[in-house]
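Structural features, examined
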Amino acid sequence: MKHAYDMDDASKLVPLLESIFQEVADRRVAIRDMEKTLVSMKRQGATADEIAPVTAKLAIHRRELRHTRGEFERLGCVVDEHNPNRVVIPGAGGKLDGGFSWEPGESNVRSLTTEETVF
């Protein structure tokens, strides 16, 4: 299903985009912390049985982080590869060019300008 948004409809996505991005941020922090924990545990000679629960939780966080990309895709949006804190929202006809963008902390979407490249 192709999604197309006008400025008003794109603006209505902001609370949902904020929620998804908050999950992304939380999971990135958790992943970073768990990776540090694993390194520390290995240096201290932890057993495989001690490491396994942390490794399992880390895998869950990584999987759920990948699923957030799917949440954006279901909305027809994509995360900018060059600026992973920017979401591009399709405009008329479902095209990204001529669409909108949003970044965490912004309360509104902006129209993409002709100078802005989409990927």
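Use the structure listed above.
Small disclaimer: the values here were computed from a predicted structure and weren't measured. (Residues numbered from 1 in each chain as written. Predicted model: local features only at pLDDT ≥ 70, side-chain atom pairs only at ≥ 80, totals over all residues. Heavy atoms only, no water.)

**Examining the sheet that holds strand β3 (residues 100-102)**
Ordered by their spatial adjacency, four strands build an open sheet running β1-β2-β3-β4, and the pairing between neighbours is antiparallel. Of all strands in the sheet, those bounded by a partner on one side alone are β1 (78-79) and β4 (110-111). Seen against the sheet, helix α2 (residues 14-43) touches β2 (87-89) and β3 and runs at an angle of roughly 45° to β3. (Pairing = 2+ DSSP bridges. Helix = DSSP H or I, 4+ residues; strand = E, 2+ residues; numbered from the N terminus. Contact = heavy atoms within 4.5 Å. Axes fitted to C-alpha atoms, helices over the stretch in contact; angles between N-to-C directions.)

**So, the pattern of salt bridges**
As enumerated under the stated definition, the model contains seven salt bridges in all. Two residues, K12 and D8, come together in a salt bridge whose shortest N-O distance is 3.4 Å. Pair noted here: K12 and D8 are both in helix α1 (residues 7-12), with a separation of four residues, about one helical turn. Overall, D8 belongs to the partly exposed group, its relative accessible area being 46%. Close ionic contact of R27 with E23 constitutes a salt bridge, the shortest N to O distance being 3.0 Å. With R27 and E23 both in helix α2 and four residues apart, the pair spans about one turn of that helix. The exposure class assigned to R27 is buried, which follows from its relative accessible area of 18%. By relative accessible area, E23 is classed as partly exposed at 23%. Several salt bridges converge on common partners, so that one network encompasses E103, E106 and R110. (Salt bridge = Lys/Arg side-chain N within 4 Å of Asp/Glu carboxyl O. Buried < 20%, exposed > 50% of the residue type's maximum accessible area, 1.4 Å probe, protein only.)

**Topic: the packing of α2 against helix α3 (residues 48-74)**
Between α2 and α3, whose axes approach to 9 Å, the crossing angle comes to 155°. The orientation of α2 with respect to α3, classified from their angle, is roughly antiparallel. Crossing of α2 against α3: the hand is left-handed. Of the residues in the contact of α2 with α3, the class split is 14 nonpolar, four polar and 10 charged. (Parallel < 35°, antiparallel > 145°, perpendicular 65-115°, else oblique. Left-handed = near helix turned anticlockwise from the far one by under 90°. Nonpolar A, V, L, I, M, F, W, Y, C, P; charged D, E, K, R; others polar.)

**Quick word on the side chain of S101**
Note on placement: S101 falls in strand β3. Relative accessible area serves as the criterion here: at 1%, S101 is assigned to the buried category. With sequence-adjacent residues up to four places away left out, S101 is seen in contact with R86, V87, V88, E106, V109, R110 and L112.

**Some points on α2**
The first and last C-alpha atoms of α2 sit 43 Å apart over 30 residues, in line with the 44 Å expected at 1.5 Å per residue. Packing partners of the buried residues in α2 comprise α1, α3, β2 and β3. Directly beyond the C-terminal end of α2, a positive phi value near 80° is found at G45. (Expected span 1.5 Å × (residues − 1).)

**Some details on the nonpolar core**
Membership of the largest hydrophobic core comes to 16 residues, with the highest contact counts inside it found for L17, F72, V87, I89 and W102. At the level of elements, α2, β2 and β3 are the ones that each hand at least two residues to this core. In terms of residues, this core owes the most to one element, α2, which gives four residues. Residues in contact with F72, not counting those within four places in the same chain, are L17, I20, F21, C77, V79 and V87. Core analysis: the next-biggest nonpolar cluster, separate from the first, contains seven residues, M34, L38, M41 and L58 among them. (Core = buried A, V, L, I, M, F, W, Y, C linked by side-chain atoms within 4.5 Å.)

Taken by themselves, the reported measurements are silent on function.
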